[in-house]
Amino acid sequence: MDNHVLKELQMTGKFMMDKDLAWGTAGNISARQGNGYIISATGTYLGELDMDSFSLCESGRQIDGEKPSKEYLMHEGIYEERPEINAVLHASPFYSTLIANSDLSLPSNYFVESMYYLERIVRIPFYHPGSKELAQAVKERAKDSNVFLLENHGIIVCDTSLKEARIALQTLEYTARMHVTALEKNINMNGLSEETVYDFLHHSGYKPLRKWQ
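The sections below set out a description of the structure shown in this document. Note that the structure is a prediction, hence the values are computed from the model and not measured.

**Observations concerning the sheet that holds strand β1 (residues 28–33)**
Here is step 1 of the chain: In space, the 8 strands of this open sheet follow the order β4-β3-β2-β1-β5-β8-β7-β6, with mixed pairing throughout. Looking along the sheet, the strands with just one partner apiece sit at the ends: β4 (61–65) and β6 (121–124). Between one strand axis and the next, the sheet turns by 20° as a mean value, whatever way the strands run.
Here is step 2 of the chain: The sheet contacts of helix α2 (residues 72–81) involve β1, β2 (36–40), β3 (54–58), β4, β5 (87–91), β7 (147–150) and β8 (154–159), and relative to β1 the element is tilted by about 40°.
Here is step 3 of the chain: Helix-sheet contacts for helix α6 (residues 162–184) involve β1, β5, β7 and β8, and the interaxial angle to β8 is about 145°.

Shown next as structure tokens:
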């Protein structure tokens, strides 16, 4: 397994714990390597991953390392459907998971980063964690979004790199916290118009425009 990828995955796990984006042994993270991907091993604590806390998987099977997270097929489906995706983060951060567990929708028109990273958010119905049914449900919607709310479970973000995935995850949780706080305190949020959001995404030059199916 590539040491550089392993170290960045270690750093990503610690980042997620330090920023309250993960807790306990809930969650798993991965990065593409060659024709396969490196994923955190089953039962690992993301804040204290070592070089032996990972598994190399490819084509539905383990190639090297420890036993992979039971949700490895969920990651694999995204990599198969999205060749431009190089990182997948799955966790249960408090506010984002609160949104996933409720009938609330999460607006993406609050500020610059939310407009870009949360341009599309897809809901996935509940299936048992680690099940083939969940993996298939995520794979079927993989081309529709980079952000997935897993109902009564947690969230997934994926992106072109671990750095971009970290930013997307932090943006998701920050926006969810802002939205829930505004509802609690009866604050009227002034979201941007659909026309402004479209103009930002297509003409501002902030970041490359994503090509959805």
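**What about unusual backbone geometry?**
Here is step 1 of the chain: Positive phi is not limited to glycine here, since Asp20 has a value of about 60°.
Here is step 2 of the chain: The backbone of Asn152 sits at a positive phi, close to 55°, despite the residue not being glycine.
Here is step 3 of the chain: Here Asn152 is to be found in the loop between β7 and β8.
Here is step 4 of the chain: Looking at Asn152, the relative accessible area reads 52%, which means it is exposed.

**Digging into helix α7 (residues 194–203)**
Here is step 1 of the chain: Those residues of α7 that fall on the buried side of the exposure criterion are Val197, Phe200 and Leu201. Down the axis of α7, the buried side of the element spans an arc of 90°, and every buried residue falls inside it. Exposed residues lying more than 90 degrees from the buried face of α7 are Glu195 and His203.
Here is step 2 of the chain: Looking at the buried residues of α7, the elements they touch are α4 (112–117).
Here is step 3 of the chain: Downstream of α7 by a residue or two, Gly205 has a phi angle that is positive, lying close to 75°.

**Describing the packing of helix α1 (residues 3–18) against α6**
Here is step 1 of the chain: Packing of α1 against α6 brings their axes to within 11 Å, and their N-to-C directions diverge by 10°. The angle between α1 and α6 places the two elements in the roughly parallel class. In contact with Glu8, Leu9, Met11, Thr12, Phe15 and Met16 of α1, α6 contributes Leu162, Lys163, Arg166, Leu169 and Gln170.
Here is step 2 of the chain: Tallied by class, residues from the contact of α1 with α6 come to 6 nonpolar, 2 polar and 3 charged.

**Remarks on the side chain of His153**
Here is step 1 of the chain: For His153, the position within the fold is in the loop between β7 and β8.
Here is step 2 of the chain: The class for His153 is buried, based on a relative accessible area of 14%.
Here is step 3 of the chain: Polar contacts involving the side chain of His153 include one to the side chain of Glu71, which spans 3.3 Å.
Here is step 4 of the chain: The contact partners of His153, leaving out residues within four places of it in the chain, are Glu71, His90, Ser92, Thr97, Asn101, Pro129 and Leu134.

**Section: the pattern of salt bridges**
Here is step 1 of the chain: Here the structure, examined in full by the defined rule, presents 9 salt bridges.
Here is step 2 of the chain: In this structure, Arg82 and Glu84 form a salt bridge, with 2.6 Å as the shortest nitrogen-oxygen distance.
Here is step 3 of the chain: We note a salt bridge from Asp159 to Arg210, for which the minimum N-O separation is 3.2 Å. Of this pair, Asp159 sits in strand β8 while Arg210 sits in the segment after α7, and the two are 51 residues apart along the sequence.

**Points about the packing of aromatic side chains**
Here is step 1 of the chain: Scanning the entire structure with this criterion turns up 6 aromatic pairs.
Here is step 2 of the chain: Ring geometry for Phe94 against Tyr95: centres 5.0 Å apart, planes inclined by 80°, an arrangement best described as edge-to-face.
Here is step 3 of the chain: For Phe94, a relative accessible area of 55% gives the class exposed.
Here is step 4 of the chain: Measuring from centroid to centroid gives 5.5 Å for Phe200 and Tyr206, while their planes differ by 40°, and the two rings are tilted.
Here is step 5 of the chain: You can call Tyr206 partly exposed: its relative accessible area is 32%.
Here is step 6 of the chain: In this structure, Arg210 packs its charged tip against the face of Tyr116, placed 4.2 Å from the ring centre.

Rules used throughout
Residues numbered from 1 in each chain as written. Predicted model: local features only at pLDDT ≥ 70, side-chain atom pairs only at ≥ 80, totals over all residues. Heavy atoms only, no water. Pairing = 2+ DSSP bridges. Helix = DSSP H or I, 4+ residues; strand = E, 2+ residues; numbered from the N terminus. Axes fitted to C-alpha atoms, helices over the stretch in contact; angles between N-to-C directions. Contact = heavy atoms within 4.5 Å. Buried < 20%, exposed > 50% of the residue type's maximum accessible area, 1.4 Å probe, protein only. Arc of directions from axis to C-beta. Parallel < 35°, antiparallel > 145°, perpendicular 65-115°, else oblique. Nonpolar A, V, L, I, M, F, W, Y, C, P; charged D, E, K, R; others polar. Polar contact = N/O pair within 3.5 Å; in protein donor to acceptor, adjacent residues only side chain to side chain. Salt bridge = Lys/Arg side-chain N within 4 Å of Asp/Glu carboxyl O. Phe/Tyr/Trp six-rings, centres within 6.5 Å; stacked < 30°, edge-to-face > 60°. Lys NZ or Arg CZ within 6 Å of the ring centre and 35° of its normal.

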